[in-house]
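# Summary of the model geometry
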Amino acid sequence: MSIRIQNLTKIYGSQKAVNDVSFDVNRGEIVGFLGPNGAGKSTTMKITTCYLSATSGKVEVNGFDVAQHSMDVRRSIGYLPEHNPLYTDMYIKEFLRFVGALYGLKGETLTRRVGEMIDICGLAVEQRKKIGQLSKGYRQRVGLAQALIHNPALTPIRLWRSVILSKPLVRKKRYCFPPTLCRKWKPSATGSLLSIVVR
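Quick caveat: nothing in here was measured; it's all calculated off a predicted structure.

So, on to the nonpolar core. A general trend in soluble globular proteins is that nonpolar side chains are found buried together. I92, F95, L96, L123, I131, V142 and I149 are the most contacted members of the largest nonpolar core, which totals 21 residues. Of all elements in the fold, only α3 (92-102), α4 (107-120) and α5 (136-148) reach the threshold of two or more residues within this core. Here L123 is in contact with I92, M117, I118, Y138, R141, V142 and A145, once residues within four sequence places are set aside. Ranked by size, the runner-up nonpolar core spans 15 residues in total, among them V18, F33, M45 and V61.

This is the structure:
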């Protein structure tokens, strides 16, 4: 079991943002987490990725309880939120090296992973630019690369242990990540989608 959510509830004052949600995501599955605006999709994912605490219920990621073992959870997932937090004054390679170093990658391993992410996420033609000079689509690719960079033991085809992509479909328009990724995974829904990809 990669993700297990049991009776999850989140309350803000008098508003119930998430109401008794339960589901499992197993290894090898790609699932879409769909719902109208305000249904609690983003709140559920923020709890799953340790950005928010739950009011009640239990969430486990890769066997770790998010409330008790948040650092183990954070090490085992990559997260690309809807609003991609990037340092726009940094160059792509510089940023990826910075993020990789935060995850403990060093030397040749770090250099290799940065190269792999640039290749797999389709950043080669833009790799010498500052992030602030990139289009929104390329910024999403940089965000995807930083979400995946800290898992060096896996091959490029099986690149992720757990990756959570928040709302890759925006403005009711199909958004497809770089072809090297889209060959294995093609989002087909429209509207608000939260995709959970687990190896």
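Turning next to the layout of surface pockets. Its boundaries defined by the atoms lining it, the largest pocket holds a volume of some 580 Å³. Considering the residues around the largest pocket, the lining is formed by 19 residues, among which Y51, V99, L102, Y103 and Q146 are closest to the centre. For the lining of the largest pocket, the secondary-structure elements that each account for two or more residues are α2 (70-76), β6 (78-80), α3 and α5. Looking at which element gives the most residues to the lining of the largest pocket, the answer is α3, with 4 residues. Residue composition of the lining of the largest pocket, by class: 14 nonpolar, 3 polar and 2 charged.

The next subject is the side chain of H150. Assignment of secondary structure puts H150 in the loop between α5 and β7 (162-166). When its relative accessible area of 13% is taken as the criterion, H150 is described as buried. Discounting residues that sit within four places of it in the chain, H150 has contacts with R74, R75, I77, G78, Y103 and L105.

This part is about the packing of aromatic side chains. Tallied over the entire structure, the rule returns 2 aromatic pairs. Ring centres of Y87 and F95 lie 6.2 Å apart, and the angle between their planes is 65 degrees; on these two criteria the pair is classed as edge-to-face. A relative accessible area of 3% places F95 in the buried class. Judged by relative accessible area, Y87 falls into the partly exposed class, the value being 47%. Through a chain of ring-to-ring contacts, three or more aromatic side chains come together here, namely Y87, F95 and F98. The ring of Y138 carries the charged tip of R141 above its face, separated from the ring centre by 4.9 Å.

Criteria and cut-off values
Residues numbered from 1 in each chain as written. Predicted model: local features only at pLDDT ≥ 70, side-chain atom pairs only at ≥ 80, totals over all residues. Heavy atoms only, no water. Core = buried A, V, L, I, M, F, W, Y, C linked by side-chain atoms within 4.5 Å. Buried < 20%, exposed > 50% of the residue type's maximum accessible area, 1.4 Å probe, protein only. Helix = DSSP H or I, 4+ residues; strand = E, 2+ residues; numbered from the N terminus. Contact = heavy atoms within 4.5 Å. 1 Å grid on protein atoms, 1.4 Å probe; cavity = no way out; pocket = protein on both sides within 12 Å on 5 of 7 lines; lining within 4 Å. Points joined across faces, edges and corners; volume = space filled by probe spheres on them. Nonpolar A, V, L, I, M, F, W, Y, C, P; charged D, E, K, R; others polar. Phe/Tyr/Trp six-rings, centres within 6.5 Å; stacked < 30°, edge-to-face > 60°. Lys NZ or Arg CZ within 6 Å of the ring centre and 35° of its normal.

Just distances and angles here, no functional claims.
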